[in-house]
Amino acid sequence: MNDKPTKSSAHDWHMTDDLHAPQGKADPFAAAMRATRMAMIITDPKKPDNPIIFANDAFLRLTGYERSEVVGSNCRFLQGKDTDPDAVAALRKAVEKRKNINIDILNYRKDGKPFWNALYLSPVSDEQGNLQYFFGSQLDVTNRKSSELHAEAERERFERAVKERTRELEDALEARTMLLHEVDHRVKNNLQMISSLILMQSRNIQDEGVKNSLRSMLERVEALSTVHRRLYQTDDVTHFDVGDFVRDLVRDLVAASGRDDIEAAFQLGEVEIPAQQAAPVALIVNELVTNAIKHAFVDGRPGTVGVKVAKPDGHYRFEVNDNGAGMPPDIRSGSFGTTLVRALARQLEAKVSWESNGDGTKVVVTMPVEKGSPKEKAERL
Amino acid sequence: MSNLAPLKVLIVEDEALLAMELESLIAEAGHEVVGWATSSAQARKFVDQTDADLAFVDIHLSDGPTGLDVAAYIKAEKPTIVVFLTANSKRVPDDFAGACGVMSKPYTVNGLVGCLRFVQEGIRKPPPIASRPVGFALAPSYASQWGLG
């Protein structure tokens, strides 16, 4: 047989002579191959450029070519501009190595219309193991392929959308955090300003009573300052560490009293309260500790102010105790400080119990753990 | 403590009320305020013209967040010790830009007086033995220089 495609269709069936199979139209294997709906070709690698030596009708229907146009040609004429070069390379390699290959490749019909070809190519050797032919089958999988590609595109689109939304949310969170820090910065500066104003005013006042009132006022503002200095220092902006705060506050108050003979003693468990409860709790602790320092150790009596912070079963428990002279009831019930403590305790739904005798004073504040806070909910899960 | 020589202090702070009150506190503690600057340019001038032992530097000044630049200038030009006074301590870099420490706003009167005592001891008779002031963060370089953990 010559290698070039011939125009004459009269010789078509003689081309099967190259199969070296039992000849004639009666050969059942050849008949099956001709008649099957699966597109099939056979190529001859012993000839230059491994040309097609047989193509069945299904192949011709699939590709739109005449038999005379395909027989004698290498099957690369099916490739076109969007055929993946990697797929072509994989095919070439399989032919060189005489290996089976199963690959989806974009091919083109004679009219230029592309189709996805699920190509199976397999070497055929004789009994001695000498390579005789390649057998190829082609299946149009354009529908499957396009739904695959569609699914892939959808997945990518979805991923892009998720990424975009995530970025939006991160930006919004960052903006919110920046705003929080900006407001926090202003609150801190303003608290410093309020302290400065009180101090400046008190420098210009001679009356000791007024001076003392201003000093108490300053202490309260400074307690709030200590809260705000500690607020938002960690990543968790919704909670406030009571222990750290108490240590700072009491160290400050004892040092500011100028009393070297008063010691502070701490028993501070790891207790966090919701940020919105920080200020009232801080003011209560400030009043109780200030009271102890001012009234428990009169006439040069030395002693210790103790603060305990704990969180037993469903309650916060804050205790301020001293080993001083005990507190007269009129100081407990009449002062502005006490009024403040009662009001703030009511706000926090807290119970305050006072015990005072000759051996000292003990005040215990118990406050329910807020059930609605996100952390509590998480803990209960 | 009180037998240590007083410090010459430079204040770099754009809020007038805070600066005024700070000046009173410093004077009450027995030290001398040698200047008050509200901007980085003014601060540089004071740094050149005075020999302060200690500079309290706010990070936000009237010309923007230039306090860190002021600290860098002081470090390059003078042996003056810098303590940042700021409501935004997160802006202070890990190496404290060469400063000795950060006093976080809002500080308390006692915290600031403690800070003055601590730094005075650090300058006049190191290492400082006064307890670490409340609200004060010591720079790692000074902590190791003074052998404080």
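A short tour of the structure in this document, coming up. (Residues numbered from 1 in each chain as written. Chains lettered and ligands numbered in written order. Predicted model: local features only at pLDDT ≥ 70, side-chain atom pairs only at ≥ 80, totals over all residues.)

1. Examining the overall build of chain A
Alright, step 1. Along its length, chain A carries 11 helices and 12 strands.
Alright, step 2. When burial is assessed residue by residue, chain A has 28% of its 381 residues classed as buried.
Alright, step 3. When contacts within chain A are restricted to residue pairs at least 6 apart in sequence, long-range pairs at least 24 apart make up 57% of them. (Helix = DSSP H or I, 4+ residues; strand = E, 2+ residues; numbered from the N terminus. Buried ≥ 20, exposed ≤ 12 C-beta atoms within 10 Å, placed from the backbone. Contact = placed C-beta atoms within 7 Å.)

2. Focus: the interface of chain A and chain B
Alright, step 1. Contact residues are listed per partner, giving 22 residues for chain A and 18 residues for chain B.
Alright, step 2. The residue inventory of the side of chain A that touches chain B, partitioned by class, reads seven nonpolar, eight polar and seven charged. (Nonpolar A, V, L, I, M, F, W, Y, C, P; charged D, E, K, R; others polar.)

3. Looking at the sheet that holds strand 10 (residues 315–322) of chain A
Note on sheets: strands pair through backbone hydrogen bonds, and any given pair is parallel or antiparallel.
Residue and element names in this part refer to chain A.
Alright, step 1. With mixed pairing, five strands are arranged side by side in an open sheet as 7-9-10-12-11. The open sheet terminates on both sides in strands that have one partner only, identified here as strand 7 (262–268) and strand 11 (351–357). Strand-to-strand twist across the sheet, computed as the mean angle between neighbouring axes with direction ignored, equals 10°.
Alright, step 2. Note: strand 9 (residues 303–310) against strand 10, six bridges, orientation antiparallel. (Pairing = 2+ DSSP bridges. Axes fitted to C-alpha atoms, helices over the stretch in contact; angles between N-to-C directions.)

4. Some remarks on the pairing of strand 1 (residues 39–43) of chain A
All names here are of chain A.
Alright, step 1. Counting buried residues in strand 1 gives four out of five residues, a clear majority hidden from the surface.
Alright, step 2. By the bridge criterion, three bridges tie strand 1 to strand 2 (residues 52–55) in an arrangement that is antiparallel. Across the sheet, residue Thr43 finds its bridge partner in strand 2, namely Ile52.

5. Points about the packing of helix 5 (residues 142–203) of chain A against helix 1 (residues 16–28) of chain B
To describe two helices that pack against each other, one gives the angle between their axes and the distance between the axes.
Alright, step 1. It is the contact of helix 5 of chain A with helix 1 of chain B, at a shortest axis distance of 9 Å, that shows an interaxial angle of 50°. Relative to helix 1 of chain B, the element helix 5 of chain A is oriented oblique. Between helix 5 of chain A and helix 1 of chain B lies a crossing whose hand is left-handed. Together, Gln192(A), Met193(A), Ser196(A), Leu197(A), Leu199(A), Met200(A) and Arg203(A) of helix 5 of chain A and Leu17(B), Leu18(B), Met20(B), Glu21(B) and Ser24(B) of helix 1 of chain B make up the contact between the two elements.
Alright, step 2. Counted by class, the contact of helix 5 of chain A with helix 1 of chain B contains seven nonpolar, three polar and two charged residues. (Parallel < 35°, antiparallel > 145°, perpendicular 65-115°, else oblique. Left-handed = near helix turned anticlockwise from the far one by under 90°.)

6. Things to note about the packing of helix 2 (residues 40–49) of chain B against helix 3 (residues 67–77) of chain B
Residues and elements named next belong to chain B.
Alright, step 1. Helix 3 packs onto helix 2 with a crossing angle of 15° between their chain directions and a minimal axis gap of 10 Å. Relative to helix 3, helix 2 is oriented roughly parallel. Relative to helix 3, the crossing made by helix 2 is right-handed. For the pair helix 2 and helix 3, contact is made by Ser40, Ala43, Arg44 and Val47 and by Asp69, Val70, Tyr73, Ile74 and Glu77, respectively.
Alright, step 2. When the residues that make up the contact of helix 2 with helix 3 are grouped by side-chain class, the tally is five nonpolar, one polar and three charged.

7. Regarding unusual backbone geometry
Alright, step 1. With omega at -5°, the peptide bond leading from Lys105(B) into Pro106(B) counts as cis.
Alright, step 2. The residue after Pro126(B), namely Pro127(B), is reached through a cis peptide bond having omega -5°.
Alright, step 3. With respect to the element layout, Pro127(B) can be found in the loop between helix 4 (109–124) and strand 6 (136–138).
Alright, step 4. Phi angles above zero are rare outside glycine, and Asn50(A) is one such case at about 45°.
Alright, step 5. Inspection of the secondary structure assignment puts Asn50(A) in the loop between strand 1 and strand 2.
Alright, step 6. Backbone geometry places Glu349(A), a non-glycine residue, at a positive phi of 55°.
Alright, step 7. In this structure Glu349(A) comes out as exposed when scored by C-beta crowding, with 10 C-beta atoms within 10 Å.

8. Some details on the sheet that holds strand 5 (residues 101–104) of chain B
Residues and elements named next belong to chain B.
Alright, step 1. Read from one edge to the other, the open sheet built from six strands follows the order 2-1-3-4-5-6, with strand pairing classed as mixed. What marks the edges here is a single partner per strand, and that holds for strand 2 (32–37) and strand 6. Strand-to-strand twist of the sheet, defined as the mean angle between neighbouring strand axes without regard to direction, takes the value 20°.
Alright, step 2. Relative to strand 3 (residues 54–57), strand 1 (residues 8–12) runs parallel, the two being bridged by four bridges. Its bridge partner being in strand 3, Val9 is matched across the sheet by Leu54.
Alright, step 3. Most of the contacts of helix 1 go to strand 2, to which it runs at about 165°, and overall it touches strand 1, strand 2 and strand 3.
Alright, step 4. This element, helix 4, spans strand 3, strand 4 (81–86), strand 5 and strand 6 of the sheet and lies at about 165° to strand 4.

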